[in-house]
Amino acid sequence: APCCSRKLPRLIRHKAAYMQVEVSPGGREDDPNVDADVSHSDVCTKYREAAKIVNLALQGILLKAQAGASIVELCKFGDGIIAQKCATIFQKKVKGKYIEKGVAFPTCVSVNECVCHNCPLESDQDQPLLKDGDVVKVDVGCYIDGYISVAAHTIVVGSKATPECPITGQKADVLMAAHVASEVAVKLLRPGNTNSQVTQALAKVADAYGVNVVTGVLSHKLKRFVIDGNKVILMHEDVDQKVETQTFELNEVYSVDIVMSSGDGKLREAQSRTTVFKRAVDKNYRLKMRASRYLFNEVCLP
């Protein structure tokens, strides 16, 4: 299913993978019948190494996100950093196989009213260059042995906020709302709390800053090789979208995705073509052409 770019008035995005890392008894990670979690030191190490690479790539992109920068080149740079750094770690074979690692989600650079998933191809000639005042949202993701770390951040191009020259107006409102909301969400990610508590808290933060939480945005539980698990946190509840109340459990890992908007928070599909796709894992494909099978094996995780 395609993940389309979507447009809104000025919005801010924050994302990070957070772990509840209290240790509990568990099976061996090398047991094929056990879905290893962060109670295993090896699993925790892989999450953290992936997070280091993600943060390094994110920092590099943010430094290059200046007036005149090409969105295509920024996306290529982010993916390149992840691939380069992954190649330097976990190089030995385990049980005769190399550990899989690389880009867990293509680097996306979404500007102003575009919410997410803007990852243009080099053939796309209609992508404008960044300019001063643009609100730029960057998403990156890395996986090591199937354990995924993702991150996102938002900047205003050409603006370096200082006490003497702060960012003001709606841009400042959504920046602060997203930052505070991410802090609140992390503090509520504790065993025994529920996803509904997070949803309600985010609504209060948005009201305090006079902005809106974007509809349709979900934070997912991460599993090995699964970036969007079935256990979710709904960022904004309305009559058209509700989720079942679920309780957070020990050693779960979540990708917390916060998106705030100065508009009404409702999404609409953009006109740009889709370049980020998601495999429907519940469907099987019988591909006859050798080239098709090769491509499918290259782009699809197990």
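The rules behind these values
- Residues numbered from 1 in each chain as written.
- Predicted model: local features only at pLDDT ≥ 70, side-chain atom pairs only at ≥ 80, totals over all residues.
- Heavy atoms only, no water.
- pLDDT = per-residue confidence, 0-100.
- Contact = heavy atoms within 4.5 Å.
- Helix = DSSP H or I, 4+ residues; strand = E, 2+ residues; numbered from the N terminus.
- Buried < 20%, exposed > 50% of the residue type's maximum accessible area, 1.4 Å probe, protein only.
- Phe/Tyr/Trp six-rings, centres within 6.5 Å; stacked < 30°, edge-to-face > 60°.
- Lys NZ or Arg CZ within 6 Å of the ring centre and 35° of its normal.
- Axes fitted to C-alpha atoms, helices over the stretch in contact; angles between N-to-C directions.
- Parallel < 35°, antiparallel > 145°, perpendicular 65-115°, else oblique.
- Left-handed = near helix turned anticlockwise from the far one by under 90°.
- Nonpolar A, V, L, I, M, F, W, Y, C, P; charged D, E, K, R; others polar.

**Digging into the confidence of the model for the protein chain**
Interpretation of the predicted coordinates at a detailed level should be avoided for regions scoring low in pLDDT.
Inference 1: The predicted model of the protein chain has a mean per-residue pLDDT of 86, with 87% of residues at 70 or higher.
Inference 2: Here residues 1-10 is modelled with pLDDT under 50, and outside its nearest four sequence neighbours on either side it reaches 56 contacts, counting other chains as well.
Inference 3: Note on residues 21-34: pLDDT is under 50 here. Beyond four places in sequence and across chains, it has 23 contacts.

**Regarding the environment of Ile 53**
Inference 1: Relative to the elements of secondary structure, Ile 53 occurs in helix H1 (residues 41-64).
Inference 2: Owing to a relative accessible area of 6%, Ile 53 belongs among the buried residues under this scheme.
Inference 3: Excluding its chain neighbours within four sequence positions, the residues that come into contact with Ile 53 are Ile 82, Lys 85, Cys 86, Ile 89, Cys 142 and Ile 144.

**Focus: the packing of aromatic side chains**
Inference 1: As enumerated under the stated definition, the model contains three aromatic pairs in all.
Inference 2: Considering the side-chain rings of Phe 248 and Tyr 254, the 5.2 Å spacing of their centres and the 75° angle between planes classify their relative orientation as edge-to-face.
Inference 3: Judged by its relative accessible area of 3%, Phe 248 falls in the buried class.
Inference 4: For Tyr 254, a relative accessible area of 1% corresponds to the buried category.
Inference 5: One cation-aromatic arrangement involves Lys 64 over Phe 77; the distance from NZ or CZ to the ring centre is 5.0 Å.

**Focus on the packing of H1 against helix H2 (residues 71-86)**
Inference 1: Contact geometry for H1 and H2: axes closest at 9 Å, N-to-C directions at 150°. The angle between H1 and H2 places the two elements in the roughly antiparallel class. For the element pair H1 and H2, the recorded crossing hand is right-handed. Of the residues in H2, those touching H1 at Ile 53, Leu 56, Ala 57, Gly 60, Ile 61 and Lys 64 are Leu 74, Phe 77, Gly 78, Ile 81, Ile 82, Lys 85 and Cys 86.
Inference 2: A breakdown of the residues in the contact of H1 with H2 according to their chemical character gives nine nonpolar, two polar and two charged.

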